[in-house]
Amino acid sequence: MTTATPPTTTTTTPHRPPPPHHHYYPPTHSSSSASFKGCCCCLFLLFSFIALLIIALLLIILLAVKPKKPSFDLQSVTVQYVGITPSPITTPSVTTASVSLNIRLLFTAANDNKVGIKYGESRFSVMYRGIPLGRGNVAAFYQPAHSVKQVAVNIGVDRFNLLQADAANLLRDASLNDRVEFRIFGDVGAKIRILGITSPGVQVSVDCLIVISPRKQALTYKQCGVDGLSV
């Protein structure tokens, strides 16, 4: 009797597809950074060129215009009133005096340049033997090229009290000598305007010594200096 052999079962391994092939792409960060740096360098060079061009144009204009320092001189002093009186409380041990003063200063601003000058607000002070008594202001103004402008300043002192030695000096100068010295000084700021561009400020200093006669109510002497130069 023949025994049947069972059929042989063959196990088939399923087919697996090969793993996908990954492509490598290099990062783009370095290229973007290089492009950004290149643009920055180009902009920097462009702005530098524009700045140098503007400076060159300004230098050419300055050489062509040849700006001069503005002239601001004190022409006249008008004494409107001066009053010097001893105070009622004056005693042998205490000497006091008061001074009242109204004067008018007339300045002449001359612009010999080919361009205009812009003056800022200026202040002038009056002093007696180093003691400030009062001040006057000049409003800002613009002066065209090749022009002369007169500027008036009023300075008023209302019963300013002086004590001891200063009062004694004032009374002696007024009553015995009829000669009272005052100092008037101030700084004038000016700027030159070229094609709408304002130059750095230039200071013009005015320092004057005036002598007033209380009896005559008039000016007897005047000596002024502008930037240390006697005029």
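Heads up: these notes are all about the structure in this document. (Residues numbered from 1 in each chain as written. Predicted model: local features only at pLDDT ≥ 70, side-chain atom pairs only at ≥ 80, totals over all residues. Heavy atoms only, no water.)

Some words on the nonpolar core
Selection rule: Definition used in this section: a nonpolar core is a set of buried Ala, Val, Leu, Ile, Met, Phe, Trp, Tyr and Cys residues joined via side-chain atoms within 4.5 Å. Burial classification: accessible surface area is computed with a 1.4 Å probe over protein chains only, and a residue below 20% of its type maximum counts as buried, one above 50% as exposed, and the rest as partly exposed. For helices the rule is a DSSP run of H or I covering at least 4 residues; for strands it is a run of E covering at least 2, with both sets numbered from the N terminus onward. Pairs of residues are marked as contacts when any of their non-hydrogen atoms sit within 4.5 Å.
Counting residues in hydrophobic clusters, the biggest one holds 43 residues, and the most contacted among them are Phe72, Ile103, Leu105, Phe107, Phe124 and Phe182. Looking at this core element by element, the count peaks at 7 residues for strand S2 (residues 96-111). Aside from chain neighbours lying at most four places away, what touches Leu105 is Leu74, Ser76, Val77, Val151, Ala152, Val153, Ile155 and Ile184.

Focus: the packing of aromatic side chains
For the record, the criterion: Aromatic rings from Phe, Tyr and Trp, taking only the six-membered ring of Trp, are treated as a pair when their centres fall within 6.5 Å; an angle between ring planes under 30 degrees marks them as stacked, one over 60 as edge-to-face, and anything in between as tilted.
Per the counting criterion, the structure on display carries 3 aromatic pairs. Seen from their ring centres, Tyr119 and Phe141 are 4.7 Å apart, and the 20° between their planes marks the pair as stacked. Here Phe141 lies in strand S6 (residues 141-143) and Tyr119 lies in strand S3 (residues 116-119), a separation of 22 residues in the sequence. Judged on exposure class, the residue Tyr119 and its partner Phe141 are both buried. Between the aromatic rings of Tyr128 and Phe182, the centroid separation amounts to 6.1 Å while the plane-to-plane angle is 55°, which identifies the pairing as tilted. Highlighted residues: Tyr128 in strand S4 (residues 122-128) and Phe182 in strand S8 (residues 180-194), separated in sequence by 54 residues.

Some points on helix H2 (residues 164-177)
How we decide: Under the convention used throughout, the expected extent of a helix is 1.5 Å for every residue step, that is, one less than its residue count. The directions from the helix axis to the C-beta atoms form the arc being described.
An ideal rise of 1.5 Å per residue puts 20 Å on 14 residues; H2 measures up with 19 Å between its terminal C-alpha atoms. Taken together, the buried positions of H2 are occupied by Ala167, Asn169, Leu170, Asp173 and Ala174. All buried residues of H2 fall inside an arc of 165° around its axis, so they share one side. Those residues of H2 that are exposed and aimed more than 90 degrees away from the buried face are Ala165 and Leu176. Positive phi shows up at Asp178, right after H2, with a value of about 50°.

Observations concerning unusual backbone geometry
Notably, Arg129 is not glycine yet its phi reads approximately 50°, a positive angle. In this fold, Arg129 is placed in the loop between S4 and strand S5 (131-138). Even without being a glycine, Gln164 presents a positive backbone phi close to 50°. Considering the arrangement of structural elements, one finds Gln164 in helix H2.

Some remarks on a nonpolar patch on the surface
Note the cut-off: A patch is a set of surface residues, each over 30% in relative accessible area and not in a salt bridge, joined within 9 Å for like charges and within 5 Å for the nonpolar side chains Val, Leu, Ile, Met, Phe, Trp and Tyr. Shrake-Rupley sampling with a 1.4 Å probe provides the accessible areas, and residues are treated as covered by the protein chains on show and by no other component. We count a salt bridge whenever a side-chain nitrogen from Lys or Arg sits within 4 Å of a carboxyl oxygen from Asp or Glu.
Side chains of Leu43, Leu46, Phe47, Phe49, Ile50, Leu53 and Ile54 sit close together on the surface and give an oily, nonpolar patch of about 690 Å² of accessible area. Classification of Phe49 as exposed rests on a relative accessible area of 54%.

Considerations on the pattern of salt bridges
Per the stated rule, a full pass over the model turns up 3 salt bridges. Across the salt bridge formed by Glu181 and Arg179, the nearest N and O atoms sit 2.6 Å from each other. Classification of Arg179 by relative accessible area gives partly exposed; the value is 40%. Arg183 is the partner of Asp207 in a salt bridge, and the nearest nitrogen-oxygen pair spans 3.0 Å. Taken together, the residues span a long stretch of sequence, with Asp207 in strand S10 (residues 202-213) and Arg183 in strand S8 at a distance of 24 residues. For Arg183, a relative accessible area of 38% translates into the label partly exposed.

Some points on the pairing of S2
For the record, the criterion: Pairs of strands are assigned from DSSP output, requiring at least two bridges between the strands.
Summarising burial for S2: 14 of the 16 residues are buried, a large majority. Examined bridge by bridge, strand S1 (residues 71-86) and S2 share 14 bridges and lie antiparallel to one another. Residue pairing for S2: Pro86 is matched across the bridge by Ala97. Sheet topology places S2 next to strand S7 (residues 147-163); 15 bridges connect them, and they run antiparallel. Along S7, the bridge assignment pairs Leu105 with Val153.

Coordinates in, geometry out; function isn't part of it.
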